[in-house]
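# Coordinate analysis (summary)
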Amino acid sequence: MSLVSELASTPGVLAAGEYSFRGDRFSYEGMMDNEQARLASIMCRATTMATHMQTDMMDQFAESCGCAPSRGWIVKGRDYSVCVIANFFCFVDNHNASINDVVKKMRTSIGDTEQALV
Amino acid sequence: MLKKLLVLDGVMAVAKFRDDGSFVEGYGMMPDEQLVGLAKFAHDYKRMVQGNADQLSMFAQVRGWTPPGGWIVRGPGMSVLSVSNVVAVVNNQETSINEVMQELRDAANY
Amino acid sequence: MANLDSLMSLTGAVAAFSYSDAGELKEHRLGDGPLNEDVLDLLAHVCVANTAIATMQARGWQKLTDMDGFYPIEGFTLVGFDWSAVTANGMGVVLANDSADYEAAYKALND
């Protein structure tokens, strides 16, 4: 079972997907249509680019501080959250999903993969 | 072409980078490693601005923002200006931002 | 409102801090590890910047998809290489990734 399928079938997960760092491809499963998945991929890629730049800069100011390279990020909204590790994203319902479980699953599967941003 | 920018009032440093972020050349009142850092920052920042401009276009459904022509970050004493793959650091008191942006456009298209 | 000492009592916490709306570091606590005041100041700016971007994204998403629930943004977490910085309401806590309990951190930050 792929990580995207595994995440999408997790209780409380609305949808999960994978986007290319180049920004030209994406795939997804769950309660989301193709256009929403495209928007989600563009947004997640933009924030991932930003966090990579930011952690690289922090690393320059405090070498080996454990910040860089960035593995991902989480943004928590009123009812929903977005969890991103490497180039995978997962939309979760705050009231029915465990962010800890989702992030753990993502980190275990892909947390150490090479994250060269093209 | 890049060195020509240093003749303009208030321009303290200039640098050029490739699309993959690698340093091409840099000149001005900065040590070499800072010029390399300036190019890296400009490359990263360009990608961030591009990402945000793409989203603005996408959400607002209005043309005209992408691809972004460049960016300016203005601090209290100094500013950083960039067009395409060229970046300049300027002293706010001594420079004409309009003039430097025009020269950056020329240098980027050279 | 959370206080820094209660944030430091979270499992795996290595630092806790508070910051202004502009991202300037106000107060902080440091535990064991290579972090320092300068890193926390940068971290606070990073989290404020990304919260602002996420707010823009939540607004745009809401307008385009008619899907509510992301806005307003209640927190941003940076998952770094070794540490995660969980931030909300002008406060943040840095947790070791391996033992990070994000839900407990959000709860503590919203207390």
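In the block above lies the structure referred to throughout.
What comes next is a walk through the structure. (Residues numbered from 1 in each chain as written. Chains lettered and ligands numbered in written order. Predicted model: local features only at pLDDT ≥ 70, side-chain atom pairs only at ≥ 80, totals over all residues. Heavy atoms only, no water.)

### Section: the overall build of chain C
What counts here: Secondary structure is summarised from DSSP: a helix means a run of H or I of at least four residues, a strand means a run of E of at least two, and numbering begins at the N terminus for each. With the radius of gyration taken over C-alpha atoms, the globule rule is written as 2.2 Å times the number of residues to the power 0.38. With a 1.4 Å probe rolled over the protein chains alone, any residue whose accessible area is under 20% of its type maximum counts as buried; one over 50% counts as exposed, and the rest are partly exposed. Every residue pair with non-hydrogen atoms within 4.5 Å of one another is taken to be in contact. Only the protein chains shown count as cover for residues, and the accessible areas themselves come from Shrake-Rupley with a 1.4 Å probe.
Counting its secondary structure elements, chain C contains three helices and five strands. Listing the helices and strands of chain C from first to last along the sequence gives α-β-β-α-β-β-β-α. A compact globule built from 111 residues would reach a C-alpha radius of gyration of about 13 Å, and chain C, at 14 Å, matches this within 12%. C-alpha atoms of chain C, sized along the principal axes, occupy 45 × 30 × 25 Å. Classification of the 111 residues of chain C by burial places 50% in the buried group. Excluding contacts between residues fewer than 6 apart, the proportion of contacts in chain C whose partners are at least 24 apart in sequence is 42%. Working note: accessible area of chain C is about 4,800 Å², and carbon and sulfur atoms make up 48% of it.

### A short note on the side chain of Ser5(A)
Residue and element names in this part refer to chain A. Defined as follows: Two N or O atoms count as a polar contact when they lie within 3.5 Å, although within protein this holds only if one can serve as hydrogen donor and the other as acceptor, and sequence-adjacent residues are included solely when both atoms are side-chain atoms.
Mapping Ser-5 onto the fold places it in helix H1 (residues 3-8). Note on Ser-5: relative accessible area 17%, which makes it buried. Polar contacts involving the side chain of Ser-5 include one to the side chain of Ser-2, which spans 2.9 Å.

### A closer look at the packing of helix H3 (residues 99-110) of chain A against helix H3 (residues 102-110) of chain C
We apply this condition: Between N-to-C directions, angles span 0 to 180 degrees; the directions come from axes that are lines fitted to C-alpha atoms, helices contributing only their stretch in contact. Geometric relationships in this document are graded by angle, where less than 35 degrees denotes roughly parallel, more than 145 denotes roughly antiparallel, 65 to 115 denotes roughly perpendicular, and other angles denote oblique. When residue character is reported, Ala, Val, Leu, Ile, Met, Phe, Trp, Tyr, Cys and Pro are called nonpolar, Asp, Glu, Lys and Arg charged, and the others, Gly included, polar.
Packing of H3(A) against H3(C) leaves a shortest axis separation of 7 Å and a crossing angle of 140°. Regarding the angle of H3(A) to H3(C), the classification is oblique. Only Tyr102(C), Glu103(C) and Tyr106(C) of H3(C) make contact with H3(A), whose side of the interface consists of Ile99(A), Asn100(A) and Val103(A). Residue composition of the contact of H3(A) with H3(C), by class: four nonpolar, one polar and one charged.

### Considerations on helix H1 (residues 32-60) of chain B
Note the following rule: The span expected for a helix works out to 1.5 Å for each residue beyond the first.
Its 29 residues give H1(B) an end-to-end C-alpha distance of 41 Å, which sits within 8% of 42 Å, the value for a rise of 1.5 Å per residue. A positive phi of about 55° marks Gln61(B), the residue just after H1(B).

### Digging into the interface of chain C and chain A
Here is the rule we go by: As a working definition, buried area equals the accessible area (1.4 Å probe) given up by two parts on being put together, with both sides summed. A side-chain nitrogen of Lys or Arg and a carboxyl oxygen of Asp or Glu constitute a salt bridge if their distance falls within 4 Å.
Contacts between the two partners involve 39 residues from chain C, matched on the other side by 41 residues from chain A. Buried area between chain C and chain A, both sides added, is near 3,300 Å², and the carbon and sulfur share of it is 64%. Across the chain C-chain A interface, the total number found is two salt bridges. Residue Asp98(C) pairs with Arg107(A) through a salt bridge whose shortest N-O separation is 3.5 Å. Here chain C and chain A share 23 residue pairs in polar contact (both at pLDDT 80 or more) between them.

### Section: the pairing of strand S1 (residues 13-19) of chain C
All names here are of chain C. Stated formally: Two strands qualify as a pair provided that DSSP identifies no fewer than 2 bridges between them.
In terms of burial, S1 is a largely internal element, seven of the seven residues being buried. Taken together, the four bridges between S1 and strand S2 (residues 25-30) define a ladder with antiparallel strand orientation. Across the sheet, residue Tyr-19 finds its bridge partner in S2, namely Leu-25. Hairpin connection from S1 to S2: five residues lie between these consecutive antiparallel strands, with Gly-23 at a positive phi of about 95°.

### Some details on the side chain of Lys46(B)
Residues and elements named next belong to chain B. In plain terms, the rule: A positive count includes Lys and Arg, and a negative count includes Asp and Glu. His and the chain ends are not counted in either.
Structurally, the position occupied by Lys-46 is in helix H1. Of the buried charged residues, Lys-46 lacks a salt bridge, with Asp-19 as the closest side chain of opposite charge at 4.2 Å. Reaching out from Lys-46, the side chain makes a polar contact with the side chain of Asn-85 at a distance of 2.7 Å. In this view, Lys-46 contacts Phe-17, Asp-19, Trp-71, Ser-84 and Asn-85; residues no more than four positions away in its chain are not counted.

### Some thoughts on the pattern of salt bridges
Residue and element names in this part refer to chain B. Applying the stated criterion to the full structure yields eight salt bridges over all chains. Between Lys-4 and Glu-103 there is a salt bridge; the shortest N-O distance is 3.8 Å. Here the residue Lys-4 occupies a position in the segment before strand S1 (11-17), and Glu-103 occupies one in helix H2 (residues 97-109), the gap between them amounting to 99 residues.

### Overview of the interface of chain C and chain B
Counting from both sides, the interface comprises six residues of chain C and, opposite them, five residues of chain B. Summed over both partners, the interface of chain C with chain B buries about 470 Å², with 73% contributed by carbon and sulfur atoms. When the buried area of chain C at its contact with chain B is split by residue, Met56(C), Gln57(C) and Leu64(C) rank highest and sum to 70% of it. The tally of links between chain C and chain B comes to zero salt bridges. Inspection of the chain C/chain B interface yields one residue pair in polar contact (both at pLDDT 80 or more). Partitioned by chemical class, the residues of the side of chain C that touches chain B number four nonpolar, two polar and no charged.

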